[in-house]
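Chain by chain, the residues:
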Amino acid sequence: MKPAVFEYFDPTSVSETVALLARLDEDARVLAGGQSLVPLMNFRLARPAHLVDLNRVSELDFLSVAGGELRIGAMTRQRALERSRDVGAGWPLLREAAGYIGHVQIRNRGTVGGSLAHAFPSAELPVVMVTLGAALVLRREGGERIVAAADFFLGAMTTALEPGELLSEVRVPATAARSGTSFHEVSRRYGDFALAGAAALVSLDRDGAVAGVRLTLTGSAPIRAQAAEDAMLGEKPSEALFRDAARRAVAGIEQDSDMHADAGYRRRACAALARRALLQAAQRAAASRSIRP
Ligand SMILES: Cc1cc2nc3c(=O)[nH]c(=O)nc-3n(C[C@H](O)[C@H](O)[C@H](O)COP(=O)(O)OP(=O)(O)OC[C@H]3O[C@@H](n4cnc5c(N)ncnc54)[C@H](O)[C@@H]3O)c2cc1C
């Protein structure tokens, strides 16, 4: 199939882009890596009247560390997360999770901003951005607002982005010393979207007890397991602690049923993956003196 007719724009700056988005109506869509939008357009599930291509907006393509914070331009390719030395040293969870996105050809084109804005259920980057406490910069003509990743994902393919807004940057805070992270997922074949996944960040105090923990599960939108997190604080890491936390994490959560897996399977898989992720994150925390770059 071929896409429906659309008007094409190729701005070269963020200011030009947000001016275009302000002028065009709600039928305008931005094109990033095209790995999700182009198939949707070809199947005519998306029929934007105006397509604003971000691929010549080079100021959106950067990875930098400032004041201990990682800054990722929205047009940074997913593959860059895997290859960056800074990311590997300071935010290994991003590299670990990015490696699960589709295949390398998809990650070469797909962007960080595109994955977050698309907000597909079970996508890896939304889950890890919530776990890492990232903040998303949303630009519009004449201003910007900063939204916590935890508040950005509202549901399946639904985000806090409003018409006329562009996701321009993601800011990921430094992780505390004696922290470890881990991501696990299960899919039917290598490169498929996850049936279930879990990301964990565990920080230990000087005595080896849990000083801070974040656990996020895949779902139609990322699911932060707050009650399970609270129950782990101050406790010494152990298989039993993490098994109990994983059980709490999936208690009562909603999961989808579809032709690939039912909700019960997804809940059980999330529990198993959460336990593994917590255990591995705690082991990595114990082994690290500091994970700052
Ligand atoms: C075979 C295959 C397997 C895949 N497997 C996985 C997988 O396992 N895990 C996974 O997470 N993804 C997977 N993907 C999707 C891939 O990660 C996409 O790259 C991603 O979903 C969208 O990124 P993109 O840059 O291609 O965005 P595009 O497809 O260009 O855009 C996607 C949507 O986001 C909007 N958008 C893009 N950038 C911005 C921005 N800066 N501001 C506001 N809105 C924006 C667009 O308007 C569009 O609505 C797969 C894709 C394919 C084709």
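Before reading on, note that the structure itself is shown above.
Residues numbered from 1 in each chain as written. Predicted model: local features only at pLDDT ≥ 70, side-chain atom pairs only at ≥ 80, totals over all residues.

(A) Up close: the site of the ligand. The environment of the ligand is made up of 27 residues, and the closest members are Gly33, Gly102, Gly110, Gly114 and Ala123. Contributing elements (two or more residues each) for the shell around the ligand: β2 (28–31), α7 (112–118) and β10 (166–172). Of all the elements, α7 adds the most residues to the shell around the ligand, at 5 residues. Two domains each put at least three residues into the shell around the ligand: domain 1 (7–53) and domain 2 (58–172). (Near = placed C-beta within 6 Å. Helix = DSSP H or I, 4+ residues; strand = E, 2+ residues; numbered from the N terminus. Domains from an automatic or database assignment.)

(B) Structural detail: the sheet that holds strand β3 (residues 50–53). Spatially, the 3 strands line up as an open sheet ordered β1-β3-β2, and their pairing is parallel. Every interior strand has two partners, whereas the edge strands, β1 (7–9) and β2, have only one. For this sheet, the mean inter-axis angle between neighbouring strands, taken without regard to orientation, is 25°. Looking at chain direction, β1 and β3 are connected through 3 bridges and run parallel. Following the sheet pairing, Glu7 is matched in β3 by His50. (Pairing = 2+ DSSP bridges. Axes fitted to C-alpha atoms, helices over the stretch in contact; angles between N-to-C directions.)

(C) Main features of the environment of Gly197. If you trace the backbone, Gly197 turns up in strand β12 (residues 196–204). The spatial distance from the C-alpha of Gly197 to the C-alpha of Ser187 is 8.9 Å, given a sequence separation of 10 residues. Apart from residues lying up to four places away in sequence, Gly197 is in contact with Ser122, Glu124, Val127, Phe183, His184, Glu185, Thr218 and Leu273. (Contact = placed C-beta atoms within 7 Å.)

(D) Looking closely at helix α11 (residues 239–250). If you check α11, its first and last C-alpha atoms are 17 Å apart, about what 12 residues at 1.5 Å a residue would give, namely 16 Å. Taken together, the buried positions of α11 are occupied by Phe242, Ala245, Ala246, Ala249 and Val250. Down the axis of α11, the buried set is contained in an arc of 120°. They therefore lie on one face. For α11, the elements touching its buried residues are β13 (210–217), α10 (226–232) and α12 (263–287). Note on α11: the residue one or two positions beyond its end, Gly252, has a positive phi of about 80°. (Expected span 1.5 Å × (residues − 1). Buried ≥ 20, exposed ≤ 12 C-beta atoms within 10 Å, placed from the backbone. Arc of directions from axis to C-beta.)

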